Amino acid sequence: MEPRGLLIASLILFILVTSSLGGHLKSGPTLKMDQALLTFQNQLTEEVQVFYTTDYCYKCVYQHMVTVKPNNNNESTVISTKFTLTMQVESQNRNATLCRWSRTYGEDGHYTVWIKLSEATGNASCIHTVDKVPHNAYLPILVAALLLALIALLFIGAPYIYSRHCTTKCIKTICCQMDNDGGQSFEDEHNTTKTKPTRLCSLDTFRGFALTVMVFVNYGGGGYWFFQHAPWNGLTVADLVMPWFVFIIGTSVVLAFRSMQRRGVSRLQQLRKITWRTGVLVMLGFCFLNYSPRDGPLSLSWLRVPGVLQRLGFTYFVLSLLQTFWGQKEIPPTANHLGNPVQDVILYWQQWLIIILLETLWLCITFLMPVPDCPTGYLGAGGIGDKGLYPNCTGGAAGYIDRWMFGDNMYRYPTCKEMYLTTQPFDPEGVLGTINSIVIGFLGMQAGKIFIFYKGRNVHILSRFIVWAAILGISAAILSKCTRDGGFIPVNKNLWSLSYVMCMGCFSFLLLAGIYFVTDMKNWWSGQPFIFPGMNSIFVYVGHSLLGFYFPFSWEMRFQESHWEWLLQSLWGTALWVLIAYLLYKKNFFLKI
């Protein structure tokens with residue numbers, strides 16, 4: 001069966017499972033995904049108030065949930081099941097905390113908290129009962145993972161079985177012609193080896209994998225919190241993809257400029273290409289991805305100046321300048337000598353000096369720049385975080401610089417807005433974070449230099465990747481103290497903090513090493529299907545950003561009480577763009593700028 005037939009059959013099966021498991025009727029109030037119903041039954045003779053916070057919200061002020069009147073009265077409220085909730089019941093008359101607990105509630109569950117006097121101690125106690133058992137919110141993703149694993153096995157197994165069948169048929173012919181055509185076979189094999197393309201499959205596969213995951217999380221990732229960006233500190237799957245993309249840009253810059261250098265392209269021509277490509281990326285991000293017809297009348301007053309393509313374009317511009325002026329050097333004969341383990345670093349010391357200066361600038365601005373009404377070096381989300389002391393300090397110096405430069409022309413719905421109840425706009429693609437975007441792109445350039453220095457020496461390439469991953473991983477662990485909020489510099493995608501860059505650099509080197517091992521080194525995997533969007537990345541990214549919220553890529557969901565339909569929509573939209581990339585590949589169409 002052809003790959004397209006397998007894809008269609010699996011999607012039909014997923015729709016059938018969705019219809020049978022996701023569309024059942026429920027009794028009681030209608031709850032949406034990641035919601036549960038919590039009822040407080042007050043059997044005390046005094047009025048009580050219930051306050052809550054989430055464990056993911058760092059040092060957040062407790063928020064009022066409900067007030068429950070005395071003498072067996074009750075109040076119900078809908079709560080979120082995404083994160084663990086910490087609740088406390090307080091007496092309104094005595095200003096005392098009666099009980100406190102932390103619990104993770106299940107999706108679509110109905111719970112009752114009985115607030116009453118304990119017969120043993122005479123003190124107030126809070127007892128939980130489950131009135132309706134919650135369903136398994138992770139069942140949809142488990143079914144999807146099993147289906148994707150089945151598709152992967154079919155993609156791997158079908159060509160193998162087919163090749164075995166062909167081998168059985170052709171073995172006699174090969175044996176009969178061996179004596180007569182032995183010399184010719186060797187010559188043909190030698191010629192085939194000589195004409196084998198030198199393009200690294202791992203780079204396109206890496207880029208395509210990052211882009212595919214990016215499309216999936218941009219479609220909502222099925223509504224799961226770990227497929228969405230972290231509220232502030234910490235890491236989710238969505239926080240991984242853009243640094244991967246920036247990393248592979250750096251790797252591609254080194255290899256592309258190496259190729260241009262061999263073809264004799266002049267520096268002026270290189271600068272023209274850099275300027276043109278940067279301008280196109282920035283204009284695509286600003287003019288096309290900023291606005292769609294559903295936004296209403298076009299107004300420059302609310303257009304967002306920073307953006308993903310704008311950052312990618314500027315990062316590419318700086319990395320290309322570094323490679324144009326200080327990166328095109330001939331590899332000395334001693335580069336392959338074992339006594340020069342850092343030759344690929346020392347040879348480009350000017351680039352490293354510029355990167356160190358840029359990172360020093362980021363550290364100085366972040367931790368030394370005074371921000372009005374905020375503590376110096378503040379890295380928090382503001383709002384109700386940090387005990388509510390700095391409500392207007394979202395992002396510290398990074399947020400202050402962006403608000404000063406762009407005013408309202410920046411992202412107005414940061415990921416911290418819902419949990420931390422922030423009021424200040426904050427743009428994750430702001431000015432200060434672009435410095436560290438350049439740094440992680442430069443780490444990608446280092447991977448490209450390793451490919452060049454140790455060409456044909458696969459063990460050395462893999463070992464260098466692993467060494468770099470270890471150095472960056474240990475650095476990230478030290479800076480973050482292996483905690484989400486308690487480190488010297490927490491891992492934070494919104495700020496593109498130094499620890500985040502180190503962590504993502506570690507993951508990038510490990511991922512590239514793994515893909516290189518199974519594709520270019522062992523030839524166990526051709527990179528499909530990720531290689532197709534990887535070779536048409538601009539088309540897929542711009543296309544899904546412009547058309548992603550229109551049919552057939554998405555539709556108005558009717559079953560919002562669970563993750564089934566949203567996950568189906570996310571997978572469907574992602575699969576369509578992978579299919580489009582495959583069709584463009586078959587037509588030999590590649591959008592380049």
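Data block above holds the structure.
Reading the values: the criteria
- Throughout this document, residue positions are counted from 1 along each chain, in the order its sequence is written.
- Per-residue local features of the predicted model are confined to residues with pLDDT of at least 70, and side-chain atom pairs are confined, for both listing and counting, to 80 or more; whole-chain, interface and lining totals are unaffected and use all residues.
- The basis for the side-chain values is all heavy atoms of the structure; hydrogens and waters are excluded.
- Think of it this way: any DSSP run of H or I at least four residues long counts as a helix, any run of E at least two long counts as a strand, and we number them from the N terminus.
- Think of it in three bands: residues with accessible area under 20% of the maximum for their type are buried, residues over 50% are exposed, and the middle band is partly exposed, with areas taken using a 1.4 Å probe on protein chains only.
- Any pair of residues with heavy atoms lying within 4.5 Å of one another is described as a contacting pair.
- Throughout, the Shrake-Rupley method with a 1.4 Å probe supplies accessible areas, and for residues the shown protein chains are the sole cover considered.
- By definition, two strands form a pair when at least two bridges between them are found by DSSP.
- Note on geometry: axes are lines fitted to C-alpha atoms, helical ones only across the stretch in contact, with angles between N-to-C directions running from 0 to 180 degrees.
- Aromatic pairs are defined between Phe, Tyr and Trp rings, using the six-membered ring for Trp, whenever the two ring centres lie within 6.5 Å; interplanar angles under 30 degrees are classed as stacked, those over 60 as edge-to-face, and all others as tilted.
- Over a ring means this: the NZ of a Lys or the CZ of an Arg is within 6 Å of the ring centre and within 35 degrees of the ring normal.
- The term salt bridge refers to a side-chain nitrogen of Lys or Arg lying within 4 Å of a carboxyl oxygen of Asp or Glu.
- Small angles under 35 degrees read as roughly parallel and large ones over 145 as roughly antiparallel, with 65 to 115 read as roughly perpendicular and the rest as oblique.
- The handedness criterion is simple: a crossing whose near helix is rotated anticlockwise from the far helix by less than a right angle is left-handed, and one whose near helix is rotated clockwise is right-handed.
- A pair of cysteine sulfur atoms is labelled a disulfide when the two atoms are within 2.5 Å.
- Residues belong to one nonpolar core when they are buried, are Ala, Val, Leu, Ile, Met, Phe, Trp, Tyr or Cys, and are joined through side-chain atoms within 4.5 Å.

Visitor: Sorry, what's going on with the overall build of the chain here?
Guide: The helix and strand inventory of the chain stands at 16 helices and eight strands. Of all 593 residues assigned to the chain, the portion counted as buried reaches 48%. Counting only contacts in the chain whose residues sit at least 6 apart along the sequence, the fraction spanning at least 24 positions is 74%. Carbon and sulfur atoms form 64% of the exposed surface of the chain, whose accessible area is close to 29,800 Å².

Visitor: What exactly am I supposed to notice about the sheet that holds strand 2 (residues 48-54) here?
Guide: Note on sheets: strands pair through backbone hydrogen bonds, and any given pair is parallel or antiparallel. On the basis of which strands lie adjacent, the open sheet formed by four strands has the order 3-2-5-6 and antiparallel pairing. Looking at which strands have only one partner, the edges of the open sheet turn out to be strand 3 (63-68) and strand 6 (96-103). Sheet twist, expressed as the average angle between the axes of neighbouring strands with direction ignored, equals 20°. As judged from the five bridges shared by strand 2 and strand 3, these two strands associate in the antiparallel manner. Note that in strand 3 the partner of Val48 across the bridge is Val68.

Visitor: Would you explain the sheet that holds strand 8 (residues 124-132) in this entry?
Guide: Taken together, four strands build an open sheet; the order of strands is 4-1-7-8 and the sheet is mixed. Of all strands in the sheet, those bounded by a partner on one side alone are strand 4 (73-80) and strand 8. Across this sheet, the average inter-strand angle for adjacent strands is 20°, counted without regard to direction. Both strand 1 (residues 35-42) and strand 4 contribute to a ladder of eight bridges, which runs antiparallel. Looking across to strand 4, one finds that Ala36 is bridged to Ile79.

Visitor: Just checking my understanding: could you explain the packing of aromatic side chains for this structure?
Guide: The description of an aromatic ring pair rests on the distance of the ring centres and on the angle between the ring planes. The full count for this structure, using the stated rule, is 35 aromatic pairs. For the ring pair Trp362 and Phe367, a centre distance of 6.4 Å and an interplane angle of 80° mean the geometry is edge-to-face. When its relative accessible area of 26% is taken as the criterion, Phe367 is described as partly exposed. A centroid spacing of 6.2 Å and a plane angle of 90° characterise the contact between Trp525 and Phe530, whose relative ring orientation is edge-to-face. Across from the ring centre of Tyr348, 4.4 Å away, lies the NZ or CZ of Lys449, which sits over that ring.

Visitor: Help me out: how do you make sense of the pattern of salt bridges in this one?
Guide: When the charged atoms of two side chains with opposite charge come close together, those side chains can pair. Within the structure shown, the criterion is met by seven salt bridges. Note that Asp427 and Arg304 form a salt bridge whose closest N and O atoms lie 2.7 Å from each other. Taken together, the residues span a long stretch of sequence, with Asp427 in the loop between helix 10 (417-420) and helix 11 (431-453) and Arg304 in the loop between helix 5 (267-288) and helix 6 (308-326) at a distance of 123 residues. Each member of the pair, Asp427 as well as Arg304, is classed as buried. The closest approach of N and O atoms between Glu429 and Lys493, which form a salt bridge, is 3.5 Å. Note that Glu429 is positioned in the loop between helix 10 and helix 11 and Lys493 in the loop between helix 12 (458-480) and helix 13 (498-521), a separation of 64 residues in sequence.

Visitor: Would you take a moment to explain the packing of helix 12 against helix 13 for this structure?
Guide: The axes of two packed helices give the description: the angle between them and the distance between them. Between helix 12 and helix 13, the shortest axis-to-axis distance is 8 Å and the interhelical angle comes to 160°. On the basis of their axis angle, the class for helix 12 and helix 13 is roughly antiparallel. Crossing of helix 12 over helix 13 shows left-handed handedness.

Visitor: Honestly, the state of the cysteines in this entry has me stumped. Any pointers?
Guide: Two cysteines, two sulfur atoms, one covalent bond between them: this is a disulfide. As enumerated under the stated definition, the model contains three disulfides in all. When the cysteines of the chain that form disulfides are numbered from the N-terminus onward, they connect as 1-2, 3-4, 5-6. The thiol sulfur of Cys416 is not disulfide-bonded, and the nearest other cysteine sulfur, from Cys57, lies at 9.6 Å. Judged by relative accessible area, Cys416 falls into the buried class, the value being 0%.

Visitor: What exactly am I supposed to notice about the pairing of strand 2 here?
Guide: Consecutive side chains of a regular strand alternate in pointing toward one face of the sheet and then the other. Strand 2 sits mainly inside the fold: six of its seven residues count as buried. Where strand 2 and strand 5 (residues 85-91) come together, seven bridges link them in antiparallel fashion. By the bridge assignment for strand 5, Tyr52 is matched with Met87.

Visitor: Explanation requested: unusual backbone geometry in the structure shown.
Guide: Residues other than glycine predominantly adopt negative phi, and peptide bonds predominantly adopt the trans conformation. In this chain, Gln528 is followed by Pro529 through a cis amide linkage whose omega measures 0°. Note on placement: Pro529 falls in the loop between helix 13 and helix 14 (531-534). Cis geometry is found at the peptide bond from Phe551 to Pro552, where omega equals 10°. Looking at where Pro552 falls in the secondary structure, it is placed in the loop between helix 15 (537-547) and helix 16 (564-586). We note that Asn71 has phi near 60°; this positive angle belongs to a residue other than glycine. In this structure Asn71 comes out as exposed when scored by relative accessible area, which is 53%.

Visitor: Explain the nonpolar core to me, please; I cannot follow it from the model alone.
Guide: For soluble globular proteins, the rule of thumb is that nonpolar side chains tend to be buried together. By size, the foremost hydrophobic cluster in this structure holds 110 residues, and its most contacted members are Leu312, Tyr420, Phe451, Phe465, Phe509 and Leu512. The element best represented in this core is helix 4 (residues 238-262), accounting for 14 residues. By size, the runner-up hydrophobic cluster in this structure holds 22 residues, among which are Ala36, Leu85, Leu98 and Cys126.

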